[in-house]
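# Report on the structure
Here are the chains, one letter per residue:
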Amino acid sequence: MGERIFTTLLRLYPAGFRRRYGMELVEFFRRDWGAVKERRAGVVLAFWCRTVADLFRAALRMRVSAHFGNATRRSVEGPSQKRGKPRIGGSFMEGLFQDLRFAARTLRKRPAFALVAVGVIGLGIGASTTLFSAVDGVLLRSLPYPGADRLVFMGSKYPEGTRISAMSLPSFMDIMDQVSSTEEYAAARGRALDVIGEGEPERVSVAEVSPDYFSVLGVTPALGAGFTTDDHLRENPRVVMVSDGIWRRRWGGDPNVLGSTFLASDGRSSELLTYTVVGVLPPGFSHPTPLESPYSRLPASELWAPLPVNAQVYTTPRTNYTIRTIARLRDGATLEVLNSELHALAVALTEAYPEAHVRGDTYLGLGAHPLLDQVVGNRRRDLIILLGATGLLLLIACANVAGLLLARALDRTQELRLRTALGASRIRLFRQLVTESLLLGVLGGGLGIAVAQLGVRAFRAFGPADFPRMADVALNLRVLGFGIAVALLTGLLFGLGPALAGSRKKDGSLLAPTARGSTSGKGTARLRGSLVALEVALALVLLTGCGLLARSVIRLQSRDAGVDTDNLALMQVRLLPSYEAEEQRSAFFRDLKVELDNLPGVIGVSYIGDPPMGFNNWAPYVWREEDVARGERAGMGMAHPVGLDYFRTMGIPILRGRAFTSADDGSSLPVMVVSQTMAAALWPDEDPLGKRLNLALQHGGDWIAVVGVSGDIRQASLASEPDWDLYLPYAQSAGNSGLFMAVRTAGDPLALAGAFREAVWALDANVPVPEITTMTARRNATLRLPRFRVLLLTAFAVVALLLASAGIYGTLMYTVGRRTAELGIRMALGAESVDVIWLVLRQGLWPVILGVAAGLAGSLATARLLESVLFQVSPSDPVTIAAVAGALMGVSLLACYVPARRASQIDPQAALRTE
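A quick note: this is a predicted structure, and the numbers were derived from the prediction, not measured. (Residues numbered from 1 in each chain as written. Predicted model: local features only at pLDDT ≥ 70, side-chain atom pairs only at ≥ 80, totals over all residues. Heavy atoms only, no water.)

## So, helix 18 (residues 582–597)
Heads up, the condition is: Here a strand is any run of E in DSSP of at least two residues, a helix any run of H or I of at least four, and the numbering for each starts at the N terminus. Expected helix span is given by 1.5 Å per residue-to-residue step, counting one fewer step than there are residues. Summary of the burial criterion: residues with accessible area below 20% of their type's maximum are buried, those above 50% are exposed, and those between are partly exposed, where the area comes from a 1.4 Å probe applied to protein chains only. Taken from the helix axis, the directions to the C-beta atoms give the arc we talk about. Here, two residues are considered to be in contact whenever any of their heavy atoms come within 4.5 Å of each other.
The end-to-end C-alpha distance of helix 18 is 23 Å, a good match for the 22 Å that 16 residues give at a rise of 1.5 Å each. For helix 18, every residue scored as buried is listed here: R585, S586, F588, F589, L592, K593 and L596. Projection of helix 18 onto a plane perpendicular to its axis shows the buried side chains occupying an angular sector of 160°, all on one side. Contact partners of the buried residues in helix 18: strand 14 (568–574), strand 15 (602–608), strand 24 (738–745) and helix 22 (753–763).

Structure, rendered in C-alpha cells:
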C-alpha cells in the first residue's frame, strides 16, 4: 500500500523526469519503507511527512524551472510560432503551488486565526481518529487467525435469542460426526488446577483443547511439538503446554523445560498428580473468547491440556455446558447451511435427550455465527454510539471553523475586489479560498493525528479490562489514512460555504469603501446564523446523550447492593481433594475463621460459597409443602452456604426471626434463612417463619425450616433485581471445598492481605490463595463499562460546549465590530446602553433558540439509540433534557453577553470618526 501511495505522488514530477528516474526512486523508497513500516506509528508518520515534504519541494522546483525556461524560449523565438492551448496539467500544478504559497503567507500574517482554526480542527480530527482506531482494531480488522473470515463460533442457543453460549462435550462430538459444513474444530473448555511444589502454591486456569485447536488458530509452539493423537484418546492425559508467562514465572524461562514435571491437584482426585510439560506457547497467545468452568468465569489460561475425544466422552452429562467451539467452514459452505444442519441436529438431540435440551416451554438448540461477532459481543453497539458522538463533535468543529473563515472572507472584501479588477475569475478566487481551507485541514489533521496518538493511549489505559481486542487498538496505516482523508474532507467541508460567499462577484468600484459601518448581506448573515444554530443543535444532542448516561450511572452507583461494602475483603480458599470428609472441610474453615478473627484490625469474619456482585454456582429448584400435591415446584432459588456471623460481617440485616448459631450443625434439624423478596413471593399473606422448603425433592431431599428473613441483595450486579436468595448453614451443607472468606477490618483490608495468606498457610501450606480483593472493587467492577461510556461522552460534550460557545462569541464579536458605526449613531441619537445590549443579545440568541429547538428534536430522535444502555432513565427524560437545554442556553447567554456589553461601551464620537 505504501509503494502505491508513493507511485501516485510521483505524478507531481514532470513526465520526462518520471520516465527517466521513476523506477530508481521507487527502488530507493522500497528500501527505506521496508526499514520503517513495522515500527511505531510515530516513526511511520515522521517518515511519510519527510518523504512528502521532500517530494513536494523537489517537484515544485522542477515545475517552476520548467515554466520560466519555457517563457525564456518563447521570448527568444518570437511571436512567429503558433500559440497553442496551455497544458492543463502544468497550469493546474503551477496554480496549485501558487495557491499553496499564497495561503501559507496569508495564514502566517494572521497567526491567531490560524492557531485557533488548526486547534479546533485538530481536536475534532483527533477525537474521530481515536475512536476510528478503536473501531478499526475491534470491528474492522480481521482476527489474527488464518482464514479468519471462515471461522465461526458454535454453541447452544435459544430459538428466540441471538446469544450463543457453551455446549456439552457429547454435543460437540455429535457435531464432529454429523455436521458436514465444517471441517476443523478449535474446541476448548476451562478448569482450574492447583499447582503445588516450589514456591507458593497457586491456582492457574487450564484450557482443555481439541486435537486441531492450534492448527485452526494458526499457533505454533515456541518450544516443543505439542500434543499427540494418543494424548487426546487417553482418559486422563497428564501432559500440558504452558503459556509464556507461567514459563518465565515458575521456570525462569528455562529452554530445557520440556519434560519437566510438577505436582498439582485437579480437584477430582484425592491425591496430587504429576504433570509433564511438553511445550511452551508463544507470548500473548490466549483463547479468542473467555472460557468458563462449570461454575464461574476463569482468568486467561496459563496451561493447555488435551481434550479427551474418545468413546467415554458420551458418559459425560449432557447438561454440563462447558465446551466453547470454533469451527472452520468448508469451501463452498455458508453460515446459513451450517445453521440449518445444526437446527436439524438440535431437534434430534431434543427428542433423544429432552432433560438436557428442554427449558420450560422452549428448547435449547444449536447455532453458529461469525467468530468476530462472538469476540466483540455487545461492544459493537458501544463503539458505534461513541463513533457517532465523535462525528457530531467533528461537525461542530467544522461549523466553527466555517464561521471563522466566513468572517475572514468578508474582512477580505477589498482584497477580493482588487483581485477581481485585475482579472481573477470567480473560479480562480474560489480555488484560492478552498486551497486555504484545505491547508488548514491538513495542518489540523497533523495536529489531530498527534492528539489521536495520546487519545489511543488514554483509551487503552482507562478502558474496561474486559474490553475485547484492546491490544489491537493502535494507530496504523489504515488509521493514519483515515485521519488524512478526514482532514482533507473537513477542509473541503468547512471551506466550501465561505469560499462560495467570498468568491461571489463583487460589484462596484475598486476604490469604493468597504462599508465597514454596515452589516453584511442578508445571505451571509443567514449563513453565519445557520452555522451557529448547527453548532448549538449538535452540542445539545451530545450533551443530552451525556446527561442521560450520567444520570443512569448516578442511579446505578447509588443503588443499594444489600451489603456494606466498606472495608470488606474477599479471599477465595479452595481445599485440596485430600479433604474428603465434610467434617474435615468444616473443621478447616472453622479453624481459619478463628485464625483470621485473632488478627489485629479484624472486626468480623465469615465465609460463603459465592459472594454478591458475581456468579452464583448453586441454583436449586424449590418446593413448598403445598406444591407437592399439585406436582409443581415453586421456582428456582439462589442457595448460599454460609458460615457463622455471615449476616453481621456482610452487613445484611435480619428482618424477622434469627441468624444461624453454632447449634445449627449436622446433628440438628436443617434450617435456612430466606430473603425478603423470596418470602414475599412464596408466602405473601403468611408468616414465613416455620415454613418448610425442599431443595431436592426428586432425590429424597430433607425438608428445611425457615428460621429467619434477611434483607435483599443484588447477586449478579447493581443493575440486577433481587433473586430468591436462601442461606444454609455451612455445617449442614459442607459439600463445598472452595469458599470465599469475608473479612471486615477497621481500616484498609488490603493492608492485611499478607497476614490473611499466612493464616491460611499456617493451617495447610499447600492450599493456594488467589488474588485477594475487596467488596468495593467487586461492586465497582460492575460499573466500569458504564463509567467508561460517560467519561468519553463527557469529554466530547465539554469540547462541543466550548466550541459552540466560542462560535457564538466569535460571531457576535465580529458582528459588533462591523456595526460599530451603526451602534455609535444609535447611541448618539439617544439609545441607552440597555437598549444596545438587548439589541445585540436578541441578534445573538435567535440562532441559539433555533439551534436548541432543532437540537431537542434531534436529541429525542437519537436518544433512542441509548435506550439499551440506560438504567432506570427514559430516553426522553424531561428532567435531563430540560436541564441540558437550560445549561446550554445559560452558557450561550453568557457568550452573547460579553460582546453585547462591549457594544454598549462604544464611544459614539470615536465610532463616527473612524468612518
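Now that the structure has been shown, we can carry on.
## Quick word on the pattern of salt bridges
To keep it simple, the criterion reads: Salt bridges are defined by distance alone: a side-chain nitrogen of Lys or Arg within 4 Å of a carboxyl oxygen of Asp or Glu.
In this structure the tally under the stated criterion is 31 salt bridges. Two residues, R328 and E184, come together in a salt bridge whose shortest N-O distance is 3.3 Å. Taken as a pair, R328 in strand 10 (residues 321–329) and E184 in strand 3 (residues 182–196) lie far apart in primary sequence, 144 residues in all. A relative accessible area of 11% means that R328 is categorised as buried. One salt bridge connects E583 with R590, and the closest N-O pair in it is separated by 3.2 Å. For R590, a relative accessible area of 42% gives the class partly exposed. Among the charged side chains, a network of salt bridges with common partners joins E202, R249, R250 and E302.

## A few points about empty space enclosed by the protein
Rules: Here the term cavity refers to a set of points on a 1 Å grid, laid over the protein atoms alone, in which a 1.4 Å probe fits but cannot get out; the term pocket refers to an open set having protein on both sides within 12 Å along at least five of seven lines, with lining residues being those that place an atom within 4 Å of a point. Grid points are joined across faces, edges and corners, and a volume is the space filled by probe spheres set on the points. Basically, the charged four are Asp, Glu, Lys and Arg, the nonpolar ten are Ala, Val, Leu, Ile, Met, Phe, Trp, Tyr, Cys and Pro, and anything else, Gly included, counts as polar.
Scanning all chains against the criterion turns up two cavities of 30 Å³ or more. By volume, the second largest cavity amounts to about 30 Å³. Along the walls of the second largest cavity sit D382, I385, L386, L549, R789, L793 and L866, which together make up its complete lining. Breaking the lining of the second largest cavity down by element, the ones donating at least two residues are helix 13 (379–411) and helix 24 (784–818). If you tally residues by element for the lining of the second largest cavity, the top one is helix 13, at three residues. Looking at side-chain class alone, the lining of the second largest cavity contains five nonpolar, no polar and two charged residues.

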